[in-house]
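Commentary on secondary and tertiary structure
Now for the letters of each chain:
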Amino acid sequence: MSTRWSLTIDCAHPKALAAFWASALGYVEKPPPAGFAGWEEWYAHHGVPEEEWDDGAALTDPDGAGPDLSFLKVPEPKTVKNRLHLDVQAGGGRATPWETRWPRVREAVRRLTAAGATVIREYELDGRPDHVLMADPEGHEFCVL
């Protein structure tokens, strides 16, 4: 039996970073728990101080297939390389023929760059482009393949 899990990303601007990743992954804002009209109502019910209501954001896969993502405000900036990163399989992954996959990867890189990501490095495999290492608007590394 598997265990449901989610991924939490520490950041300076949770709502802005959540908006970037929603666009990158096709995710949507996670709805509040059942019985609550909105997150503010949930926060108030659980005694979360109002000044902390913007300290987080949450996304969910609208198809229910992927894990939830949470974004939490932290005081310190990111200073070193991630020890964990996401692989955005915009091209369909390596099982997809290169001639189909690579144009999709290039289009995803263009779209993500326009949304605030930066290209760190393009990697090759067997003499042709394979995947692109990028950073989100707060510097978290991820790959597009």
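Refer to the structure presented above.
Residues numbered from 1 in each chain as written. Predicted model: local features only at pLDDT ≥ 70, side-chain atom pairs only at ≥ 80, totals over all residues. Heavy atoms only, no water.

With respect to the pattern of salt bridges
- The final tally for this structure, using the stated rule, is eight salt bridges.
- One salt bridge connects arginine 94 with aspartate 130, and the closest N-O pair in it is separated by 2.6 Å. Of this pair, arginine 94 sits in the loop between β5 (86-88) and α3 (98-114) while aspartate 130 sits in strand β7 (residues 128-135), placing them 36 residues apart in sequence.
- When salt bridges that share partners are traced, they join Arg4, Lys30 and Asp68 into one network. (Salt bridge = Lys/Arg side-chain N within 4 Å of Asp/Glu carboxyl O. Helix = DSSP H or I, 4+ residues; strand = E, 2+ residues; numbered from the N terminus.)

A few points about the side chain of arginine 101
- Residue placement: arginine 101 occurs in helix α3.
- Setting aside residues up to four positions removed in sequence, arginine 101 forms contacts with Gly91, Gly93, Arg94, Thr96, Asp130 and Leu145. (Contact = heavy atoms within 4.5 Å.)

Focus on the sheet that holds β7
- One open sheet holds the four strands; their spatial order is β5-β8-β7-β6, and the pairing between them is mixed. Single-partner strands in this sheet number two, and they are β5 and β6 (118-125). Across the sheet, the mean angle separating the axes of adjacent strands is 30° when strand polarity is ignored.
- Bridge count between β7 and strand β8 (residues 141-144): four bridges; the pairing is antiparallel. Of the residues in β8, the one forming a bridge with leucine 133 is cysteine 143.
- Of the strands in this sheet, β5 and β8 touch helix α1 (residues 14-25), which is tilted by about 45° from β5.
- Strands β6, β7 and β8 of the sheet are contacted by α3, whose axis makes an angle of about 25° with β7. (Pairing = 2+ DSSP bridges. Axes fitted to C-alpha atoms, helices over the stretch in contact; angles between N-to-C directions.)

Let's talk about the pairing of β7
- Judged by how many residues are buried, β7 sits mostly within the fold: seven of eight residues are covered.
- Connecting the antiparallel pair β6 and β7 is a turn made up of two residues, with aspartate 126 showing a positive phi of about 55°.
- A loop of five residues connects β7 with β8, the two strands running antiparallel in sequence, and glycine 139 in this loop sits at a positive phi of about 95°. (Buried < 20%, exposed > 50% of the residue type's maximum accessible area, 1.4 Å probe, protein only.)

Description of the sheet that holds strand β4 (residues 68-73)
- The strand order across the open sheet built from four strands is β1-β4-β3-β2, with neighbouring strands paired in mixed fashion. Across the chains shown, the open sheet's two edge strands, defined by having one partner strand only, are β1 (6-11) and β2 (28-29).
- The sheet contact formed by β1 and β4 spans six bridges and is parallel. Paired with cysteine 11 across the two strands is lysine 73, which belongs to β4.
- In this fold α1 packs onto β1, β3 (56-60) and β4, with an angle of close to 15° to the strand it touches most, β3.

Some thoughts on the packing of aromatic side chains
- What the rule picks out here adds up to eight aromatic pairs.
- A ring pair is formed by tryptophan 98 and tryptophan 102, whose centres lie 6.5 Å apart and whose planes are at 5°; its orientation type is stacked. In this pair, tryptophan 98 and tryptophan 102 both sit in helix α3, four residues apart, roughly one turn of the helix.
- When its relative accessible area of 23% is taken as the criterion, tryptophan 98 is described as partly exposed.
- A residue is classified by how much of its surface remains accessible, and tryptophan 102, at 8% relative accessible area, is buried.
- Cluster of aromatic residues (ring-pair linked, three or more members): Trp39, Trp42, Tyr43 and Trp53. (Phe/Tyr/Trp six-rings, centres within 6.5 Å; stacked < 30°, edge-to-face > 60°.)

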